[in-house]
Structure formats: structure tokens, C-alpha cells
Amino acid sequence: MAFDTLLLCIHRDNFGSVPEDIGIGVNLLTVFLRERGYSAGMFRGFAHETESWIEQMMHENGAKSIGFYCDYENVSLVAEMSRRVKKKWEVPVFVGGPQAVGLGMEFLLDSKCDAIVRGEGEMTLLDLLEGYLRNGKSLSEIDGITFLDEGGKLVIRPERALIEDLDALPWPDFRLEEGHETWKILPVITGRGCPFRCAFCYEGHNTRKVRLRSVTNVMEEIRCHFERHPNIKYVFFVDDTFTLNPRRVEEFCNQMAKLRQER
């Protein structure tokens, strides 16, 4: 049976990455969609592997849509792959990620993608899939996207409301990743948002509202990952503002100390 969507995070090389670089975003979206009844596949890898992976998935299962993660480094690559997908398979293509807030008319014309997803992707991508696959909302009714209407006019929909209860979201499942058996580094995100508006940063586009997961929820996730990946030696908190609340950091440190005793 065909996948409802394939989600890809692709780059030309691993410049600036640690050897065991592990992305959370695409993984989280995949798990989120699966929990809501959509069949989603995911891929993280390099440019030279991308087209053959899509070819294989299309040949073996097929896919009704494809989504690409886009950051500053891979904009042209995502545009190129989006064009190829649209030309060869004629399925809807969505582009999200931190660079999405800076994409507009030029990128839409170049990439031929159907919609740009700005900001948090969970609910917006869910709306897009329901719209394209289950006769849900039309593009003009979905907040948080940028697209071209039938007349070629740029449409920038209002910002989508932020997800308030981060504890309600699923945890990433790194068993979906190739080579996860040997991982020694565990990435964890404990909150979203930033109170500052630095011009050079993606968070400068977003509201200043910071939303934090409970320490209990985060520790439950870490324990779950340790059970799944017993070789993990390091926990890497990838938040933009992990140290924003000193008392919360102290609570994390105390809980991590207890966890070390368990292991």
C-alpha cells in the first residue's frame, strides 16, 4: 500500500555536523503522523542517495505526497529535488523547516512545490495531508503556509497558533534511523521558542513565547531511548534556550544524576 507521505531531510555533505549527527524534526513529524493514522516514511541522508531512495520507495510502495526539510544550506538542493519529484511522479510536494520562513514567490516558481510550511509543522502538515488525501481543508483555509493560487498570485496565510502542550506530542523514534544500533549520542529537545529576536536566527521570525516540556516528561523519554539504544553514552540537549530557566536546569541536573545511578 502506498505511503501517504515520505519526509526527507537531505544535504550535500555533513559539513558542520558531528559524526553521529541525528536530526529530530523529520523523525518527530513521522511519528506524529503515524499516531494519527497516516502512513509515513522518512529518509535522512546525502544528495547522491536521495533520488535512488525515492525511486525505490515509489517502485516498492508508492507515495501520495512528499515533504522536504529545508534549511539555509540545502535550499537549492531541495528546490531541485522538488522539481524532479513533481515532473516524474506528479504528487504534492511540501517544504518546511527553518528556512521556510524566508521562502516565497521565487522558491515556489523554482521548486514547483505545492506549499511552504512556516513554523511548527505538526498541525500544518496534518491539515495539508487531510486536504489533499481526505478532502479536508483547501490551501486557502490552512494557516501557516505560503503558496501560489490558481492565478499564480502569492498567498501568505496567517501564522498558525503555537502548540502549547509539548508534553502531548510524541517522542521521536530513532529506531526509524539507519544505523541506530551503534549510536552513542542521544539528542533531546525540551522546549520550543526563544524570548529574543536575533536577526540571524530562525527564531527571530517566531513569537517570543517559550514553551517548555515538563522535566518528568523529558526524563521518561530519555529512559525510553536508553532502553531502545543501550549503547548511548551522551545526552545532547538541542534546545535554543536550555539554560533560560536556572531552576529548571538545576532540576534536570538532579534528575540526570539519579539516572546515572540507575545505569
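The sections below set out a description of the structure shown in this document. Within each chain, residues carry numbers counting from 1 in the order of the written sequence. Given that this is a predicted model, residues contribute local features only at a pLDDT of at least 70 and side-chain atom pairs are listed and counted only at 80 or more, while totals for whole chains, interfaces and linings are drawn from all residues. To obtain the side-chain values, all non-hydrogen atoms of the structure were included, while hydrogens and water were left out.

## Looking at the sheet that holds strand 6 (residues 145-148)
Criterion used throughout: strands pair if DSSP finds at least two bridges between them. Secondary structure elements are taken from DSSP: a helix is a run of H or I of four residues or more, a strand is a run of E of two residues or more, and numbering for both begins at the N terminus. On the basis of which strands lie adjacent, the open sheet formed by 7 strands has the order 2-1-3-4-5-6-7 and mixed pairing. Each having just a single partner strand, strand 2 (40-46) and strand 7 (154-156) make up the two edges of the open sheet. Across the sheet, the mean angle separating the axes of adjacent strands is 20° when strand polarity is ignored. Here strand 4 (residues 93-96) pairs with strand 5 (residues 115-117) via 2 bridges, running parallel. Of the residues in strand 5, the one forming a bridge with V95 is I116. Any pair of residues with heavy atoms lying within 4.5 Å of one another is described as a contacting pair. What counts as an axis is a line fitted to C-alpha atoms, over the stretch in contact for a helix, and the angles between N-to-C directions run from 0 to 180 degrees. Of the strands in this sheet, strand 1 (5-11), strand 4, strand 5 and strand 6 touch helix 5 (residues 122-133), which is tilted by about 170° from strand 4.

## What to know about the pairing of strand 1
Counting buried residues in strand 1 gives 7 out of 7 residues, a clear majority hidden from the surface. When a residue's accessible area, from a 1.4 Å probe over protein chains only, is under 20% of the maximum for its type it is buried; when over 50% it is exposed; and in between it is partly exposed. Because side chains alternate across strand 1, one face comprises the buried residues T5, L7, C9 and H11, and the other comprises L6, L8 and I10, equally buried. As paired elements, strand 1 and strand 2 share 7 bridges and run parallel to each other. Looking across to strand 2, one finds that I10 is bridged to G45. Direction of pairing for strand 1 relative to strand 3 (residues 66-69): parallel, over a ladder of 3 bridges. By the bridge assignment, L8 is partnered in strand 3 with F68.

## Concerning the nonpolar core
Take the buried Ala, Val, Leu, Ile, Met, Phe, Trp, Tyr and Cys residues and link them wherever side-chain atoms come within 4.5 Å; each set so joined is a nonpolar core. Grouped together as the largest cluster of nonpolar side chains are 27 residues, with contacts concentrated most on L6, L8, I54, I66, F68, V95 and F107. Of all the elements in the fold, those that place two or more residues in this core are strand 1, helix 2 (47-60), strand 3, helix 3 (75-89), strand 4 and helix 4 (105-111). Ignoring sequence-local partners within four residues, the contact set of V95 consists of F68, C70, V78, A100, L103, F107, C113, A115, I116 and V117. The next biggest cluster of nonpolar side chains, apart from the first, holds 24 residues, and it includes F32, V117, L126 and L166.

## Remarks on helix 2
With 14 residues, helix 2 extends 21 Å between its outermost C-alpha atoms, agreeing within 8% with the 20 Å of an ideal straight helix rising 1.5 Å per residue. Within helix 2 the residues assigned to the buried category are T50, W53, I54, M57 and M58. Projected down its long axis, helix 2 shows its buried positions confined to an angular sector of 125°, all on one face. In helix 2, the exposed positions that point more than 90 degrees away from the buried face belong to H48, H59 and E60. Where helix 2 is buried, its residues touch strand 1, strand 2, strand 3 and helix 3. A helix is expected to span 1.5 Å for every residue after the first. Arc definition: it is the arc formed by the directions from the helix axis to the C-beta atoms.

## Things to note about the environment of L6
With respect to the secondary-structure elements, L6 resides in strand 1. Residue class for L6 comes out buried when judged on its relative accessible area of 0%. For the pair L6 and L126, spaced 120 residues apart in the sequence, the C-alpha separation amounts to 13 Å.

## A few points about the packing of helix 6 (residues 215-228) against helix 7 (residues 246-262)
Following both chains from N to C, one finds helix 6 and helix 7 inclined at 30°, their axes separated by 11 Å at the closest point. For the element pair helix 6 / helix 7, the angle class is roughly parallel. Once helix 6 is placed against helix 7, the crossing between them reads as right-handed. Only R248, E251, F252, Q255, M256, L259 and E262 of helix 7 make contact with helix 6, whose side of the interface consists of V215, V218, M219, I222, R223 and F226. Across the contact of helix 6 with helix 7, the residue classes tally to 8 nonpolar, 1 polar and 4 charged. An angle below 35 degrees is treated as roughly parallel, one above 145 as roughly antiparallel, one from 65 to 115 as roughly perpendicular, and anything else as oblique. In this scheme the handedness of a crossing depends on how the near helix is turned from the far one: anticlockwise by less than a right angle means left-handed, clockwise means right-handed. For this classification, Asp, Glu, Lys and Arg are treated as charged, while Ala, Val, Leu, Ile, Met, Phe, Trp, Tyr, Cys and Pro are nonpolar and the rest, including Gly, are polar.

## What about unusual backbone geometry?
Even without a glycine there, the phi angle at K112 is positive, about 65°. Tracing the chain through its elements places K112 in the loop between helix 4 and strand 5. Even without being glycine, N135 reaches a positive phi, approximately 55°. Position of N135 relative to the elements: it lies in the loop between helix 5 and strand 6.

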